[in-house]
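For reference, the chains in residue letters:
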Amino acid sequence: YNEYKSYLSRELRMSTVKRHVRDMDQDSVNKLYRNGAFLVVQDMPLNTEFGIDYSSWSTGAKFGGLKMIPPGVHFVFYSAVSKQGNVAPRTGFFHHFKPHEIFT
């Protein structure tokens, strides 16, 4: 049950992210690509819940961070997830991302 619940939750979150990107016009995407910030995350454990603002994902083996973050204040957070699917309380921080910033 926990595996199914985790899978379903991840799929719903990913479909939400894809829908937001798909709904953006090309000019907005280009502007974010040129002016957005990058958040580089190294050595994040597999299946950690990771997010920014109102979006979260379950990290995979190739997870390395986020790109095209709009300039401004954002809340970045993570939660460890056990093998049984239990999620630890969120830990996070606010950061003011500047245009073109690479934050590690």
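Provided above is the structure to which this section pertains.
What counts, and where the lines are drawn
Numbering of residues starts from 1 in every chain and runs along the sequence as written. Where totals are concerned, whole chains, interfaces and linings use all residues; where local detail is concerned, this predicted model gives features only for residues with pLDDT of at least 70, and gives and counts side-chain atom pairs only at 80 or more. Only hydrogens and water are set aside; all other atoms, that is, all heavy atoms of the structure, feed into the side-chain values. Secondary structure elements follow DSSP: runs of H or I no shorter than four residues count as helices, runs of E no shorter than two count as strands, and numbering proceeds from the N terminus. Each residue is placed in one exposure class: buried if its accessible area under a 1.4 Å probe, protein chains only, is under 20% of its type's maximum, exposed if it is over 50%, and partly exposed if it falls in between. Residue contacts follow a heavy-atom distance rule, with two residues in contact if any of their heavy atoms lie within 4.5 Å. Note on areas: Shrake-Rupley, 1.4 Å probe, and residue coverage restricted to the protein chains presented here. Any two strands between which DSSP finds at least two bridges are classified as paired. Under this scheme, a helix contributes an axis fitted over its contacting stretch, all axes are lines through C-alpha atoms, and angles between N-to-C directions fall in the 0 to 180 degree range. Note on terminology: a nonpolar core comprises buried Ala, Val, Leu, Ile, Met, Phe, Trp, Tyr and Cys residues joined through side-chain atoms within 4.5 Å.

*Asks:* What am I meant to see in the overall build of the chain here?
*Replies:* Secondary structure assignment for the chain yields two helices and seven strands. Reading the secondary structure of the chain in the N-to-C direction produces α-α-β-β-β-β-β-β-β. Taken over 104 residues, the chain has a buried fraction of 23%. For the chain, contacts bridging at least 24 residues in sequence account for 52% of all contacts bridging at least 6. Summed over its atoms, the accessible surface of the chain is roughly 7600 Å², and 57% of this surface lies on carbon and sulfur atoms.

*Asks:* Before we go on, may I ask you to explain unusual backbone geometry in this structure?
*Replies:* Excluding glycine, residues mostly carry a negative phi; peptide bonds, for their part, are mostly trans. A positive phi is found at M68, a non-glycine position, where the angle reads about 60 degrees. For M68, the location among the structural elements is in strand β4 (residues 65-69). One non-glycine residue, H100, adopts positive backbone phi at about 70 degrees. Looking at the secondary structure, you find H100 in the loop between β6 (91-97) and β7 (102-103). Take H100: its relative accessible area is 52%, and that puts it in the exposed class.

*Asks:* When you look at the sheet that holds β4 in this model, what are you seeing that I'm missing?
*Replies:* Remark on secondary structure: sheet strands pair via backbone hydrogen bonds, oriented parallel or antiparallel. Taken in spatial order, the three strands of this open sheet run β4-β1-β7, and their pairing is mixed. Each edge of the open sheet carries a strand with a single partner, namely β4 and β7. Bridge count for strand β1 (residues 37-40) against β7 is two bridges, and the pairing is parallel. Bridging across to β7, L39 finds its partner in F103.

*Asks:* What exactly am I supposed to notice about the sheet that holds β6 here?
*Replies:* An order of β3-β2-β5-β6 is seen for the four strands of this open sheet, with the pairing classed as antiparallel. Edge positions in the sheet fall to β3 (55-58) and β6, since each has one partner strand and no second. Neighbour to neighbour, the strand axes of the sheet diverge by 20 degrees on average, direction disregarded. In the sheet, strand β5 (residues 72-79) pairs with β6 via seven bridges, with the strands oriented antiparallel. Within β6, the position partnered with G72 by the bridge is F97.

*Asks:* Can you help me understand the environment of Q42 in this one?
*Replies:* Mapped onto the secondary structure, Q42 falls in the loop between β1 and β2 (49-52). Under the relative-accessibility criterion, Q42 is labelled exposed at 64%. Residues Q42 and F63, 21 residues apart in the sequence, show an inter-C-alpha distance of 8.3 Å.

*Asks:* When you look at the nonpolar core in this model, what are you seeing that I'm missing?
*Replies:* If you look at the biggest cluster of nonpolar residues, it comprises ten residues: A37, L39, V41, F50, I52, W57, L66, I69, V76 and F97. The residues touching L66, leaving out its near neighbours within four places in the chain, are A37, F38, L39, F50, I52 and W57.

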